[in-house]
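# Structural features, examined
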Amino acid sequence: MRKLGPPVLLLLVVCSTIAWSDGMLIPGPIHDIIPDEPYFTIKYHHVKCEIHDQVATTYVDQVFVNEGRREMEATYLFPLPAGAVVNKFTLYADGKEIEARLLDKDEARRIYENIVRRRRDPALLTYAGNGAYEARLFPIPPGGERRVELRYSEILQFDNGLITYLYPLSPEQFTSRPIKSVVFTADIYSGTPIGAVYSPTHDMAVTKLDENHVRVSYEENDTKPDRDILLYYNVANGPVGMNAIFFKEPNHDGFYLLLAAPTVEQDTTRVQPKDVCFVLDTSGSMSGKKIEQAKQALTFCVNSLNRKDRFNIIAFSDTTRAFRDDLVPAARDTVAAARQFIAGLQARGGTDIDTALRQALDGSPAGTAYYVVFLTDGRPTVGEQNPDTILQNVTKQLGERSTRTTRIFTFGVGYDVNTHFLDKLSGNNGGVTVYVREGEDIEVKVSNFYEKISQPILTKLQVDYGRVKVYDSFPRQLPDLFRGSQLTILGRYKDETARRTTLRLTGETTSGPQHFELNTQFPDSRPDTDYIAALWAARKIGYLLDQIRLHGEKKELVDEVVRLSREYGILTEYTAFLAEEPRAIPLAEAQERAAGNVRAAAAPGMSMGAGGPGGVSGAQNVQTLKAQAQVAFNQYLDAQGKVQHITNVQQVGQRGFVNRQGRWEDLRYEPHMDIELKIKAYSEAYFQLSRAFPTLNKQLALGDNLIVIINGHAIQIGPEGKTRLTDEEINALRTPAGAEQTAAQALRHRNWPWSVFVALVQVISRVLS
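Once a new chain begins, its residue numbering starts again from 1 and follows that chain's sequence as written. Whole-chain, interface and lining totals are the exception, using all residues; otherwise, since this is a predicted model, local features are given only for residues with pLDDT of at least 70 and side-chain atom pairs are given and counted only at 80 or more. Side-chain descriptors were evaluated using all non-hydrogen atoms of the structure, hydrogens and water having been removed beforehand.

This brings us to the packing of aromatic side chains. Pairs were defined over the aromatic rings of Phe, Tyr and Trp, the Trp ring being its six-membered one, requiring ring centres within 6.5 Å. Orientation was assigned from the angle between planes: stacked under 30 degrees, edge-to-face over 60, tilted for the rest. Counted under the stated rule, the structure contains 23 aromatic pairs. Ring geometry for Phe-64 and Tyr-76: centres 6.3 Å apart, planes at 80°, overall edge-to-face. Of the two residues, Phe-64 sits in strand β4 (residues 55-65) while Tyr-76 sits in strand β5 (residues 72-80), which places them 12 residues apart along the sequence. Both residues of the pair, Phe-64 and Tyr-76, belong to the buried class. A ring pair is formed by Phe-255 and Tyr-568, whose centres lie 6.3 Å apart and whose planes are at 85°; its orientation type is edge-to-face. The secondary structure listing takes helices from DSSP runs of H or I that are at least 4 residues long and strands from runs of E that are at least 2 residues long, numbered from the N terminus. Exposed residues in this analysis have more than 50% of their type's maximum accessible area, buried residues have under 20%, and partly exposed residues fall in between, with area computed by a 1.4 Å probe over protein chains only.

As structure tokens, this is what we get:
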């Protein structure tokens, strides 16, 4: 086995040259689009991609169905971004190659705008500004199908070790029904070892086949995908691959996303030996199926120990029973004896959690990495029964061994657990809690989780950001880095400290302390990666809700949850009312209602409570937000563990929009805000707005009745309004709302003539434009 370098440290970099590859079928010839015919239905959408050292070949297979009542000619459009390096493009219809014509971006924009006008459908504005391939398909009979296949090759941009691939899987607006099958598979081959593989948009299955070959896949059935697939992967540039990406608007604090990942196939000699103590609840409530599944899970964990590991097992009820008096090496005969010990365990008696934890924390000498895996299905009923006292005892005991790295991972089984206690026990000690709901398989949950943490590569992690001032970074306490895993850190940085700096990641390895450096630029402006802001907001909301859940309601925390929910469009069970009301809710009222929801949820059995189905759901909801790595928001578990979707909220970049009585509104919109400008949908003014503010196009694609906010200005798009905008009106939108009033007040205070103020504003507007 080839030995690879140390963990890869990277900050994502977004590349402007990325290829779009989603095609759409439009009814009618390209210059005579049929306004009222329904879009063709997409039967299936399958994508296969192979990437060989920066050259990607993508094969797309789609079947379109004519749902109309008459035979129709169709136009196939394949959008491309500006600067895409496509070196071969082949299109087939029902197995026959057909000619595809390349359109430059100006001609493509005219075609897009023509389609939007004639069909009165703004969805195509998402692609405005891109070039395109266009092809004419022969007439399709009613109920008939056309299989469209295309294959193209492109050169992906390589930026200091990071490679970016984009597939815009967002055909929701171009199909009238859900797609029966959506499949995306990519095989990545590299002559240099591959490090982190990450998608911020989809929960990908990542299979690292060897150090130079990774396969990623995503599959859904009966779905209308609404997000493009964005994929990053890192290759080692020397011992450490280093890359950078951020999101930042001018004159505002920025956002960053930091990943750390081991190389694909770490040599097993680099895996740190660990001490681990398995603490299993064998009280009477665990009898039956639960104890049998727990024993099978524990057997799996023991069989997964590395040769240099040491371990012990403590079974507890109203008394404790240890496998050995102290930690023992994971030799073959010892593991066999441990399996026999596990097989003989029976469920009976009460639950003495305090004594079991005391005994477990006495099991390792200072200075050694030590993991405690603790599984229980109930609350303490014997010995010390006050959860806060038990936590204090744990803190005191660990404080006496301050040089030791101790991680406590807890498993809560069923609905009688104290979720507050388990989350504090793990959260205060570098671990996490996994909840096993009634009816779920304990063995599957425990074994899957333990497999992830069984091989630590880097422990005691710390990050130094050099000359850049960062804040609100999550997670607050960095976990250990395990083989096959990656660390994701999201945070903010101060606008005035944006500069080039050297980041330093330090940690403990098998050979002692090591550090890895990344020299990167924290930019003054980076507008094209706004998903980072939404991911950060989700994590901060999760952190705030966790503080409220575990330590009680505080007005400033609830107010901040409401502010973030409105600013970034991320709603939870406590702020879902923002989407349920038929009117926009003033900020003060929203904060008060959210506080009332939090207080109601603190009742026993509810989501802020410590136990019951609702308490388990509340804990799991918070965990999901705190670990958010993909942009899938606005859903949560109810008390029965069922996923509840807030269906009338749409995430568009870093903003959230709510549909109120057929009109989409930016969640930041409040009743007291004046509508400064009304624009008639599909008019020349509408397209002027689209051209002047390209980042607005994704929001305009929501529909033709909406309220958007541009630099604090509320703009209404609808059936009535202006049909053409002047240059002065467009420039006024580029000036942040309130800036003119502030300038006017300053000028008047100095008794300057009003004409000077007007001239000043015009100059500022021209500069900003």
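Before going further, it helps to spend a moment on the side chain of Thr-282. Tracing the backbone through its elements, the reader meets Thr-282 in the loop between β20 (275-281) and α2 (289-303). It only takes one pair of heavy atoms within 4.5 Å for two residues to be counted as in contact. Here Thr-282 is in contact with Ile-291, Ala-315, Phe-316, Ser-317, Leu-345, Gln-346, Ala-347 and Arg-348, once residues within four sequence places are set aside.

Axis separation between helix α5 (residues 387-399) and helix α6 (residues 419-427) bottoms out at 10 Å; the angle between their running directions is 10°. For the element pair α5 / α6, the angle class is roughly parallel. In contact with Pro-387, Asp-388, Ile-390, Leu-391 and Val-394 of α5, α6 contributes Phe-421, Lys-424 and Leu-425. Residue classes follow a fixed rule: Ala, Val, Leu, Ile, Met, Phe, Trp, Tyr, Cys and Pro count as nonpolar, while Asp, Glu, Lys and Arg count as charged, and any other residue, Gly among them, counts as polar. Residue composition of the contact of α5 with α6, grouped by class: six nonpolar, no polar and two charged. The axes used here are C-alpha line fits, helices contributing only the stretch in contact, and every angle between their N-to-C directions lies in the interval 0 to 180 degrees. Any angle from 65 to 115 degrees is called roughly perpendicular, while one under 35 is roughly parallel, one over 145 is roughly antiparallel, and all others are oblique.

Here the residue pair Phe-474 and Pro-475 is connected by a cis peptide bond, since its omega of 5° sits within 30 degrees of zero. Looking at the element boundaries, Pro-475 is found in the loop between β28 (470-474) and β29 (481-482). A positive phi angle, close to 90°, is found at Gln-54, a residue other than glycine. Structurally, the position occupied by Gln-54 is in the loop between β3 (41-52) and β4. A relative accessible area of 24% means that Gln-54 is categorised as partly exposed. Here the phi dihedral of Tyr-682 falls at roughly 70°; this positive angle occurs in a residue that is not glycine.

This part takes up the pairing of strand β17 (residues 229-235). Counting buried positions along β17 gives seven out of seven residues, so the element sits mostly inside the fold. Side chains Ile-229, Leu-231, Tyr-233 and Val-235 project from β17 onto one buried face, and the interleaved Leu-230, Tyr-232 and Asn-234 project onto a second face that is buried too. Strand pairing is assigned whenever DSSP identifies at least 2 bridges connecting the two strands. Bridge analysis of strand β14 (residues 194-198) against β17 gives three bridges, and the strand direction is antiparallel. Counterpart to Val-197 in the pairing with β17 is Tyr-233.

A few words on α5. When the terminal C-alpha atoms of α5 are compared, their 18 Å separation across 13 residues agrees well with the 18 Å that a helix rising 1.5 Å per residue should span. Those residues of α5 not exposed but buried are Ile-390, Leu-391, Asn-393, Val-394, Gln-397 and Leu-398. The buried residues of α5 all sit within an arc of 155° when viewed along its axis, so they share a single face. Projecting away from the buried face of α5 at angles above 90 degrees are the exposed residues Gln-392, Thr-395 and Lys-396. Take the number of residues in a helix, subtract one, and multiply by 1.5 Å to get its expected span. Arc definition: it is the arc formed by the directions from the helix axis to the C-beta atoms.

Before going further, it helps to spend a moment on the sheet that holds strand β37 (residues 663-666). In spatial order, the strands read β35-β36-β37-β39-β40-β38; together these six strands make up an open sheet with mixed pairing. The open sheet has two free edges, formed respectively by β35 (649-652) and β38 (675-680), since each of these has just one partner strand. Strand-to-strand twist across the sheet, computed as the mean angle between neighbouring axes with direction ignored, equals 30°. Two elements, β37 and strand β39 (residues 706-710), share two bridges in a ladder whose sense is parallel. Considered in β39, the bridge of Glu-665 is made with Ile-707. Along the sheet face, helix α13 (residues 684-692) touches β38, β39 and β40 (713-718) and points at about 115° away from the line of β38.

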